[in-house]
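# Coordinates in review
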Amino acid sequence: MTTMPADSLESAAAELLDDFRTGVWHPSVEERGLADGLAHIRWSEDSLRASLRDLPQAAADGRLCALLALVAQAIAEAPEAASDGTLLQVRVLIDALTPPLAGSG
């Protein structure tokens, strides 16, 4: 499997975020749960693949999972992408899908 270049991943994440914010895309409860879990862990190929495992089919077939599978592959090929800012737009998307912490705001 060939990975998507980092700028294409960022563009795909930005498009998904825009679709979410404009109401074009409505993530499932499971996709939101996935995002919440990812917001609280250190990203690596293994952690992303583990998060994507055993999801209900509706979530596994969703747009977020498709993007995250590409992110896991990108990290597999370039581990520094998990922490060097390459995936910043993906992290912004995950944060947008995650409920605020209790007591904040």
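A brief look at the structure comes next. (Residues numbered from 1 in each chain as written. Predicted model: local features only at pLDDT ≥ 70, side-chain atom pairs only at ≥ 80, totals over all residues. Heavy atoms only, no water.)

This next bit is on the overall build of the protein. Counting its regular elements, the protein contains 6 helices and 0 strands. Each helix and strand of the protein, ordered N terminal to C terminal, gives the series α-α-α-α-α-α. On C-alpha atoms alone, the protein measures out to a radius of gyration of 13 Å, which is about the 13 Å that the 2.2 N^0.38 rule sets for 105 residues. Taken along the three principal axes of its C-alpha coordinates, the protein extends 35 × 30 × 25 Å. Burial status across the protein gives 36% buried among its 105 residues. Taking the contacts inside the protein whose residues are at least 6 apart along the sequence as the reference set, 75% of them involve residues at least 24 apart. (Helix = DSSP H or I, 4+ residues; strand = E, 2+ residues; numbered from the N terminus. Rg over C-alpha atoms; globule rule 2.2 N^0.38 Å. Buried < 20%, exposed > 50% of the residue type's maximum accessible area, 1.4 Å probe, protein only. Contact = heavy atoms within 4.5 Å.)

Another aspect to go through is the packing of aromatic side chains. Under the criterion given, the structure shown has 1 aromatic pair. Centre to centre, the rings of Phe20 and Trp25 are 6.2 Å apart; their planes meet at 70°, and the pair counts as edge-to-face. Residues Phe20 and Trp25 agree in their burial class; the two are buried. A cation over an aromatic ring shows up here: Arg91 above the ring of Trp43, its NZ or CZ 3.9 Å from the ring centre. (Phe/Tyr/Trp six-rings, centres within 6.5 Å; stacked < 30°, edge-to-face > 60°. Lys NZ or Arg CZ within 6 Å of the ring centre and 35° of its normal.)

Another aspect to go through is the pattern of salt bridges. Opposite charge on two side chains allows them to pair when their charged atoms are near. This structure, assessed with the given rule, holds 3 salt bridges. Two residues, Glu15 and Arg63, come together in a salt bridge whose shortest N-O distance is 4.0 Å. Pair noted here: Glu15 is in helix H1 (residues 6-21) and Arg63 is in helix H5 (residues 63-77), with a separation of 48 residues, a long-range link. A relative accessible area of 46% means that Glu15 is categorised as partly exposed. Note on Arg63: relative accessible area 35%, which makes it partly exposed. Between Arg63 and Asp19 there is a salt bridge, and its shortest N-O distance comes to 2.8 Å. Residue Arg63 is located in helix H5, and its partner Asp19 is located in helix H1; the two are separated by 44 residues in the primary sequence. We classify Asp19 as buried; its relative accessible area is 13%. (Salt bridge = Lys/Arg side-chain N within 4 Å of Asp/Glu carboxyl O.)

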